[in-house]
Amino acid sequence: EMLGQVFILTARGDPIVSKDYRGGLAGASEIFFRKLKSFPGDPPPIFNVEGIHFIHVRRNTLYFVCTTKFNVVPTMALELLTRLASLCKDYCGVLSEESIRQNFVLVYELLDEALDFGYGQVTSTEGLKPFIHSTPAAIDAPDDSSFFSQQQRSSAPSTAANKPIALRFSDQKDRKNEIFIDLLERLTCLFSPNGSVLRSELDGSIQMKSFLQGTPDIELGLNEDIIIGKHRGMYGLILDDCNFHECVNTSAFEHDKVLTMRPPEGEFTMMNYRITGQLQHPLPLRLLFSFEDTALPSRTDFVLKLDADLIAKNFVSNIVVRVPLPKVTTACGFDLPQGHTGEYRKDEKVMLWKIPKLMGTVTTVLTLHIMTSESDKRFVQSDIGNISLEFEVPMYVCSGLNIRFLRVTERGRSYVPFRWVRYITHSDSYVYRVR
């Protein structure tokens, strides 16, 4: 399976890195970006222009793109681009436009070793380490490149996990034994108009990045009541299914719920898991809404009440509530709490309600004043679309999965590294039906 070209573009379409393996099409990056922007909504990951297949993945604000004239396996090409993005992140420390520009020599060195004449070769961080000789320039992570909010930075330095792995054994006097573990969960939920849950799914992963000296062994303990697969009459933390990284030894998992491993270089996903149905912890946000008639013949009020169903010390951040309004809407006003922002997009007939932070147990209210003609007012309640929410919840997971302990040993000797364990929940699709 051979590729013709590989290039990395910014969100503006500017090429930062371009590698031509087989004499590809001139101006391919410009053709790709022009076609990409012609799609309404989200573009497909693969499309064809004049007999050239363009395949891409987006990571942060960067596009990783490859071209080919051949009928390659799509998943192979997408996986190769994903691994190239991971290599750039591991060796540069941060995946951003600045880091690629500052380390473009290193990135070209990675592309030379990872692909040969368009054929994929070694794409693992550890496997490439003996062949990469350029020293990376460490770059601070931009605020939007991390999935952790500003409020979490007291738990760990914001750039602590963003060191290039090539610097892992440099600076002998100043280096620290550090290990970072992130437990991430994404929610897919569908609610009825009265707020009851129609469907809920959770996709979770445990990600690890190690800056430990030597080749230590790690033991990670999870909940003792984990059960894999749904069984009648069984109680505990039930995972529908899960899978592990190849370096993980699961021999002690069935009885003791302990995972042992010798972590590879770079960042990797140690475990993936999925849960459907009832969750141990409550869903973080509850939305109630109602229509109110007004004395004005052309105005309908739509009231939304948002509850943070968390304990008082937790909070939900970066909330965006999207309300599709009727097509007959002529204008829309709104009453917002202090600190919140609202945006009515007249062309799209959409209202956006943005909340930077909502503490647990707190309730907030938005009132929309929907204006229509007198004859169209009767269509307002039936034409409002489903309401969707985006958010993240630091230091909280709905599954109840917990890391009980983390032990590091080397040659039978135990030592205590700097350990950073973080939990976060994201909304993947969180939708309330209006009717």
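All figures in this text were calculated on a predicted structure; none of them were measured in a lab. Within each chain, residue numbers correspond to sequence positions counted from 1 in written order. Local features are withheld for residues below a pLDDT of 70 in this predicted model, meaning they are given only at 70 or higher, and side-chain atom pairs are given and counted only at 80 or more; totals for whole chains, interfaces and linings count all residues. Each side-chain value is worked out from all heavy atoms of the structure, with water and hydrogens disregarded.

## Describing the overall build of the chain
Convention followed: In DSSP terms, a helix is any run of H or I states spanning at least four residues, a strand is any run of E spanning at least two, and both are numbered starting from the N terminus. Categorising residues by exposure relies on relative accessible area from a 1.4 Å probe, with only protein chains included: less than 20% of the type maximum marks a residue as buried, more than 50% marks it as exposed, and the intermediate range marks it as partly exposed. The contact definition used throughout considers only heavy atoms, calling two residues in contact when any of these lie within 4.5 Å. The Shrake-Rupley method, run with a 1.4 Å probe sphere, supplies the accessible areas, and residue values consider only the shown protein chains as cover.
Helix and strand content of the chain: seven helices and 27 strands. Going through the 435 residues of the chain one by one, you find that 48% of them count as buried. Taking all contacts inside the chain whose residues are at least 6 apart in sequence as the whole, residues at least 24 apart take part in 71%. Per element, the accessible surface of the chain, about 21,200 Å² overall, is 49% carbon and sulfur.

## Focus on the sheet that holds strand β1 (residues 5–10)
Note the following rule: In this description, strands pair whenever DSSP reports at least two bridges between them. Orientation is described by lines fitted to C-alpha atoms, with helices fitted over the stretch in contact, and by angles between N-to-C directions that extend from 0 to 180 degrees.
Reading across from one edge, β2-β1-β5-β4-β3 is the order of the five strands in this open sheet, with antiparallel pairing throughout. Each having just a single partner strand, β2 (15–20) and β3 (46–49) make up the two edges of the open sheet. Averaged over all pairs of adjacent strands, the angle between their axes in this sheet comes to 20°, without regard to strand direction. Summarising the sheet, β1 and strand β5 (residues 62–68) pair through six bridges and their orientation is antiparallel. In the sheet register, L9 faces β5, and the bridge partner there is Y63. The strands touched by helix α1 (residues 28–36) are β1, β2, β3, β4 (52–59) and β5; relative to β1, the strand with the most contacts, the crossing angle is about 55°. Helix α4 (residues 104–114) rests against β1 and β2 of the sheet, and its axis sits at about 30° to β2.

## Considering the confidence of the model for the chain
Applied cut-off: Across the chain, each position has a pLDDT score giving the predictor's confidence in that residue, from 0 to 100.
A residue-level look at the chain finds 90% of positions with pLDDT of 70 or above and a mean pLDDT of 87. Contacts from residues 143–159, a stretch scored under 50 in pLDDT, to residues over four places away or in other chains number 32 contacts. Counted against residues more than four places away or in other chains, residues 168–173, with its pLDDT under 50, gives 13 contacts.

## What about the pattern of salt bridges?
Heads up, the rule is: The term salt bridge refers to a side-chain nitrogen of Lys or Arg lying within 4 Å of a carboxyl oxygen of Asp or Glu.
Across all of its chains, the model carries 19 salt bridges by this definition. D241 serves as the salt-bridge partner of R274, at 2.7 Å between the closest nitrogen and oxygen. On the criterion of sequence distance, the pair formed by R274 in strand β16 (residues 267–276) and D241 in strand β13 (residues 241–244) is long-range, its members being 33 residues apart. Its relative accessible area of 31% is what places D241 among the partly exposed residues. As a salt-bridge pair, E343 and R345 come within 3.2 Å of each other at their nearest N and O atoms. Residue classification places E343 among the partly exposed positions, given a relative accessible area of 32%. R345 gets classed as partly exposed once you look at its relative accessible area, which sits at 30%. Through salt bridges that share partners, R12, D14, E97 and R101 make up one connected network.

## A closer look at the sheet that holds strand β8 (residues 178–191)
Read across the open sheet, the nine strands follow the order β13-β16-β9-β8-β27-β24-β19-β22-β21; overall the sheet is mixed. In the strand order of this sheet, the two ends are held by β13 and β21 (341–345), each with one partner. This sheet shows a mean twist of 10° between the axes of neighbouring strands, independent of strand direction. Direction of pairing for strand β19 (residues 315–324) relative to strand β24 (residues 387–394): antiparallel, over a ladder of four bridges. Note that in β24 the partner of S317 across the bridge is E392.

## Description of the nonpolar core
As a rule of thumb, soluble globular proteins bury nonpolar side chains together. To keep it simple, the criterion reads: Among buried residues, those of type Ala, Val, Leu, Ile, Met, Phe, Trp, Tyr and Cys that are joined through side-chain atoms within 4.5 Å constitute a nonpolar core.
Core analysis: the biggest nonpolar cluster contains 67 residues, and L304 and I387 have the highest contact counts within it. Here the element with the most residues in this core is β8; it accounts for six residues. In this structure L304 touches L287, L288, F289, V321, V323, W353, T364, V365, L366, L368 and I387, once residues within four positions along its chain are discounted. One finds I8, Y21, C88 and C92 within the second-largest nonpolar core, a separate group that totals 31 residues.

## Some thoughts on the pairing of β21
The pairing of β21 with strand β22 (residues 350–359) spans five bridges and is antiparallel. By the bridge assignment for β22, G342 is matched with W353. Counted along the chain from β21 to the antiparallel partner β22, the turn is four residues long, and its residue K349 has a positive phi close to 55°.

## Some remarks on α1
Inspection of α1 places A28, S29, I31, F32, F33 and L36 among the buried residues, and these make up the whole buried set. On its buried side, α1 packs onto β1, β2, β3, β4 and β5.

## So, the state of the cysteines
Here is the rule we go by: Cysteine sulfur atoms that pair up within 2.5 Å are treated as a disulfide.
Using the criterion set out here, one finds zero disulfides in the structure. C398 takes part in no disulfide bond, and the closest cysteine sulfur to it belongs to C189, at a distance of 7.3 Å.

## Let's talk about unusual backbone geometry
Here the phi dihedral of F117 falls at roughly 55°; this positive angle occurs in a residue that is not glycine. For N318, which is not glycine, the phi torsion reads 50° and is therefore positive. Mapped onto the elements, N318 comes out in strand β19. When its relative accessible area of 45% is taken as the criterion, N318 is described as partly exposed.

## Focus on the packing of aromatic side chains
The description of two aromatic rings rests on the distance between their centres and on the angle between their planes. Spelled out, the test is: For this analysis, a ring pair means two rings from Phe, Tyr or Trp (six-membered ring only for Trp) whose centres lie within 6.5 Å, classed as stacked if their planes differ by under 30 degrees, edge-to-face if by over 60, and tilted for the remaining angles.
Applying the stated criterion across every chain yields a total of 16 aromatic pairs. A ring pair is formed by F291 and F302, whose centres lie 4.6 Å apart and whose planes are at 25°; its orientation type is stacked. Here F291 is found in strand β17 (residues 285–293), whereas its partner F302 is found in strand β18 (residues 299–308), with 11 residues between them in sequence. Owing to a relative accessible area of 24%, F291 belongs among the partly exposed residues under this scheme. Using a relative accessible area of 0% as the deciding quantity, one classes F302 as buried.

## Here's the deal with the pairing of β22
Sheet topology places β19 next to β22; nine bridges connect them, and they run antiparallel. Bridge pairing links S317 to K357 in β22.

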